[in-house]
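# Overview (structure and organization)
Here is how the chains run, residue by residue.
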Amino acid sequence: MPLSDFGRIGIDPFLEMRRMQHEMNQRLAGVTDGAAQEFPPINLWVGENSVAVTAELPGIAPDDLDLTVRENTLTFNGNREPRTEDENAVWHRRERAFGSFSRTVQLPFRVDPELVDARFANGLLEVELHRPEADRPKKIQIKG
Amino acid sequence: MAQELKTTERQVPSKLDGGERTRSRPVFVPRADIYETQDNIVLLVDMPGVVPEGVDITLEKRTLAIRGYAADQQHQTYRQIYTEFSAGDYERLFTLSEDIDRDGIEASQKNGVLRLVLPKAAPAKARKIQLKMA
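All values derive from a computational prediction rather than experimental measurement. (Residues numbered from 1 in each chain as written. Chains lettered and ligands numbered in written order. Predicted model: local features only at pLDDT ≥ 70, side-chain atom pairs only at ≥ 80, totals over all residues.)

### A closer look at the overall build of chain B
The criterion, for reference: Under the scheme used here, helices are H or I runs from DSSP no shorter than 4 residues and strands are E runs no shorter than 2 residues, and both carry numbers assigned from the N terminus. Here a residue counts as buried when 20 or more other C-beta atoms sit within 10 Å of its C-beta, as exposed when there are 12 or fewer, and as partly exposed otherwise, the C-beta atoms being derived from the backbone. Here the contact rule is simple: place C-beta atoms from the backbone, and any two residues whose C-beta atoms are within 7 Å are in contact.
Scanning chain B from N- to C-terminus turns up 1 helix and 9 strands. Across the 134 residues that make up chain B, the buried fraction comes to 26%. Counted over contacts in chain B with a minimum sequence separation of 6, partners at least 24 positions apart contribute 53%.

Here it is, written out as structure tokens:
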């Protein structure tokens, strides 16, 4: 007696499932889970007495972005305009998000609001923040 | 099953030429807006971190290929503690449905967004037909 008689019926459900899985993988290959992600996505870097934040903000002019520093938080505020110069334009594809956004990031320590360095080039924002002089850890000399 | 899972984890061959990439960097599919006006098809592609010199656009037959190479983020003496995005390359292919005036294609890059204006070739433009009065 054969182990399975699928061959006899002419349909192999496992083959069918593999084919479907392959098809799903192909369809999902280009999809990123950006919808659930907060905007803008950020990276955080820490130095000895400073912290650097990088953020991806494509399509936003430097003037349309507001950065606020308070205690140990950094807030991004801005607006992404839907761009069409023609009212009668027909949309083929619309994947880029638009609208206003706001995001607050907590930094690992309090930062000096006067010592902030922000650079914005090609849709990539780089903010460097420094720890205030008074908060810096001091090395204590031990007397022998 | 296990074998199949392994194959999906591997580096995906480049869609553009079918070969595997020699640079081991992540490749992203950039988000794009496409709209059509009376004379043009306009493409807006998000490629943050890509300098204008790092953009490579080719049109072969009806296939439009867009590639962007982003510079690595380098922070000496800094240590990364939190990551939501990583630097990588962008690759995306589009098949154009209408005849495009190849010589009239314009590309510009601003604030990390690539803007491509593809003018429609003359025969594809809509023609208004006048009714003759009987």
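Structure shown, so let's carry the discussion forward.
### Some remarks on the overall build of chain A
Scanning chain A for helices and strands turns up 2 helices and 8 strands. Counting only residues that meet the buried cut, chain A has 17% of its 144 residues in that class. In chain A, 53% of the contacts between residues at least 6 apart in sequence involve partners at least 24 apart.

### Observations concerning unusual backbone geometry
Omega for the peptide link from Phe 39 of chain A to Pro 40 of chain A comes to -5 degrees, which places this bond in the cis form. Along the chain, the position of Pro 40 of chain A falls in the loop between helix H2 (13-28) and strand E1 (42-46).

### Examining the nonpolar core
Residue and element names in this part refer to chain B. As a reminder of what qualifies: Note on terminology: a nonpolar core is a set of buried residues of type Ala, Val, Leu, Ile, Met, Phe, Trp, Tyr or Cys, with members joined through C-beta atoms within 7 Å.
In this structure, Leu 43, Leu 44, Val 45, Met 47 and Leu 114 are the most contacted members of the largest nonpolar core, which totals 19 residues. Among the elements that take part in this core, strand E3 (residues 40-46) stands out by supplying 5 residues, more than any other. In this view, Val 45 contacts Pro 30, Ala 32, Ile 66, Arg 92, Val 113 and Leu 114; residues no more than four positions away in its chain are not counted.

### A look at the sheet that holds strand E3 (residues 65-70) of chain A
Residues and elements named next belong to chain A. Note the cut-off: We call two strands paired when DSSP finds no fewer than two bridges between them. Angles run from 0 to 180 degrees between N-to-C directions of axes, and those axes are lines fitted to C-alpha atoms, restricted for helices to the stretch in contact.
Spatially, 3 strands are ordered E3-E4-E6 in an open sheet, and the strand pairing comes out antiparallel. One side of each edge strand has no neighbouring strand; the edge strands of this open sheet are E3 and strand E6 (99-106). Within the sheet, the average angular offset between the axes of one strand and its neighbour, ignoring direction, is 15 degrees.

### Quick word on the sheet that holds strand E7 (residues 89-95) of chain B
Strand pairing in a sheet relies on backbone hydrogen bonds, with the paired strands running either antiparallel or parallel. Residue and element names in this part refer to chain B. Reading across the sheet, the 4 strands line up as E1-E7-E5-E4 and stay open at both edges, with mixed pairing between neighbours. Both outer strands of the open sheet, strand E1 (27-28) and strand E4 (50-60), are each paired with one neighbouring strand and no more. Two strands pair when backbone bridges link them, and strand E5 (residues 63-70) and E7 are joined in this way by 7 bridges, in the antiparallel orientation. Note that in E7 the partner of Arg 67 across the bridge is Glu 91.

### Some remarks on the environment of Pro 40 of chain A
Residue and element names in this part refer to chain A. According to the C-beta neighbour criterion, Pro 40 is buried, with 25 such atoms within 10 Å. As a C-alpha pair, Pro 40 and Glu 81 span 41 residues in sequence and 15 Å in three-dimensional space. Dropping the residues within four chain positions of it, Pro 40 is found in contact with Ala 55, Glu 56, Leu 57, Phe 76 and Arg 103.

### Some points on the environment of Phe 94 of chain B
All names here are of chain B. Note that Phe 94 resides in strand E7. With 20 C-beta atoms packed within 10 Å, Phe 94 lands in the buried category. A C-alpha to C-alpha distance of 12 Å links Phe 94 and Leu 44, two positions 50 residues apart in sequence.

### Comments concerning the pairing of E5 of chain B
Residues in a regular strand point their side chains to alternate faces of the sheet. Residues and elements named next belong to chain B. As judged from the 7 bridges shared by E4 and E5, these two strands associate in the antiparallel manner. Bridging across to E5, Ile 57 finds its partner in Ile 66. Hairpin remark: E4 followed by E5, antiparallel, with 2 residues in the connecting loop; positive phi at Lys 61, about 50 degrees.

### Section: the interface of chain A and chain B
To be explicit about the condition: Gly is put with the polar residues, along with every residue not named as nonpolar or charged; the nonpolar set is Ala, Val, Leu, Ile, Met, Phe, Trp, Tyr, Cys and Pro, and the charged set is Asp, Glu, Lys and Arg.
At the interface, 32 residues of chain A touch 31 residues of chain B. Those elements that place two or more of their residues in the side of chain A that touches chain B are E1, strand E2 (50-56) and strand E5 (90-94) of chain A. Across the side of chain A that touches chain B, the residue classes break down as 15 nonpolar, 10 polar and 7 charged. Sheet analysis places E1 of chain A next to strand E6 (residues 79-83) of chain B, joined by 4 bridges and oriented antiparallel. Counterpart to Val 46 of chain A in the pairing with E6 of chain B is Arg 79 of chain B.

### Section: the environment of Gly 59 of chain A
Within the fold, Gly 59 of chain A resides in the loop between E2 and E3. Residues Gly 59 of chain A and Phe 98 of chain A, spaced 39 residues apart in sequence, show a C-alpha to C-alpha distance of 9.7 Å. Dropping the residues within four chain positions of it, Gly 59 of chain A is found in contact with Arg 80, Arg 96 and Gly 123 of chain A together with Asp 46, Asn 111, Gly 112 and Val 113 of chain B.

### Remarks on the confidence of the model for chain B
Residues and elements named next belong to chain B. Note the cut-off: On a scale of 0 to 100, pLDDT captures the predictor's confidence in every residue.
Here chain B shows a mean pLDDT of 79. Residues at 70 or above account for 80%. Within chain B, helix H1 (residues 2-9) has the poorest average pLDDT of any element, 38, and strand E9 (residues 113-119) the best, 92. Every residue in residues 1-12 is under pLDDT 50, and counting partners more than four places away or in other chains gives 4 contacts. Both confidence scores are given for the complex: pTM 0.71, ipTM 0.71.

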